[in-house]
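Working through the structure, step by step
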Amino acid sequence: MNIKKTAIVLLASTSLGISIGSTINQNTAQAFSWHSSAIPTKLQGYWYATANHHQGVGIYRHYIRYSGEKAAHITKWRYAGNHFYKFHYTHSGGFTILLHYFGPHKITMDSFWHSYFR
């Protein structure tokens, strides 16, 4: 009788472990997938360049516009981990815009001015 109870408990704990493991894998896979919806609202707004306060970058719902440049229409984006975001835009030729979000008042981007504040 003791062997049956042990086998049932072992089987139940194994199935519970498998279901929890599959849930964790599904969540991490979705976090790193490409999104075609709007840019996250915490990134949106106008950011001023740290080195030159007359220059900056405007991040809007579906495009990014550097001062004095045409707007880059964002086709898809993804969260790359550790507060990094990657953006694909139309006519990019395979290049991406990389953004590092430090907090609500500071970001860095792979652009001429590099560091921005709000």
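Calculation notes
Residue numbering note: each chain is counted from 1, following its sequence as written. Totals for whole chains, interfaces and linings use all residues, but because this is a predicted model, local features are given only for residues with pLDDT of at least 70 and pairs of side-chain atoms are given and counted only at 80 or more. Each side-chain value is derived from all of the structure's non-hydrogen atoms; neither hydrogens nor water enter the calculation. When DSSP finds two or more bridges between a pair of strands, those strands are recorded as paired. We count a stretch as a helix when DSSP gives it H or I for four or more residues in a row; a strand needs E for two or more, and each element gets its number in order from the N terminus. To define a nonpolar core, start from buried Ala, Val, Leu, Ile, Met, Phe, Trp, Tyr and Cys residues and group those joined through side-chain atoms within 4.5 Å. Partly exposed residues are those whose accessible area sits between 20% and 50% of the maximum for their type, while under 20% is buried and over 50% is exposed, using a 1.4 Å probe and protein chains only. We call two residues in contact when some of their heavy atoms are within 4.5 Å. What goes into a patch is any residue over 30% in relative accessible area without a salt bridge, connected to like charges within 9 Å or, for nonpolar side chains (Val, Leu, Ile, Met, Phe, Trp, Tyr), within 5 Å. Surface accessibility follows the Shrake-Rupley procedure with a 1.4 Å probe radius. Residue values consider only the protein chains on display as shielding. Salt-bridge detection follows one rule: a side-chain nitrogen of Lys or Arg within 4 Å of a carboxyl oxygen of Asp or Glu.

Right, let's talk about the pairing of strand β7 (residues 106-109) for a bit. As defined by bridge partners, strand β6 (residues 96-103) adjoins β7 across 4 bridges and the pair is classed as antiparallel. The residue bridging L99 from the neighbouring strand is M109, located in β7. Joining the antiparallel neighbours β6 and β7 is a turn of 2 residues. With 3 bridges joining them, β7 and strand β8 (residues 115-117) adopt antiparallel strand pairing. The residue of β8 that forms the bridge with I107 is Y116.

Below, the discussion takes up the nonpolar core. With 18 residues, the main nonpolar core has I64, F87, L99 and M109 as its most contacted residues. Looking at this core, the elements with two or more residues in it are β1 (45-49), β2 (56-59), β3 (63-66), β4 (72-81), β5 (84-89), β6 and β7. If one sorts the elements of this core by residue count, β6 sits on top with 3 residues. Those residues within four positions of M109 in sequence are excluded, and the remaining contacts are V57, I64, Y66, I97, L98, L99, H114 and Y116.

This next bit is on a nonpolar patch on the surface. A contiguous nonpolar patch, built from Y46, Y48, Y60 and Y63 and spanning about 360 Å² of accessible area, is present on the exposed surface. By the secondary structure assignment, Y60 is in the loop between β2 and β3. The partly exposed category is assigned to Y60, whose relative accessible area is 35%.

A separate point is the environment of S33. By the element assignment, S33 lies in the loop between α1 (2-31) and β1. The class for S33 is partly exposed, based on a relative accessible area of 28%. Taking the C-alpha atoms as reference, S33 lies 8.9 Å from A80; in sequence the two are 47 residues apart. With near-sequence residues (within four places) excluded, S33 lies in contact with W77 and R78.

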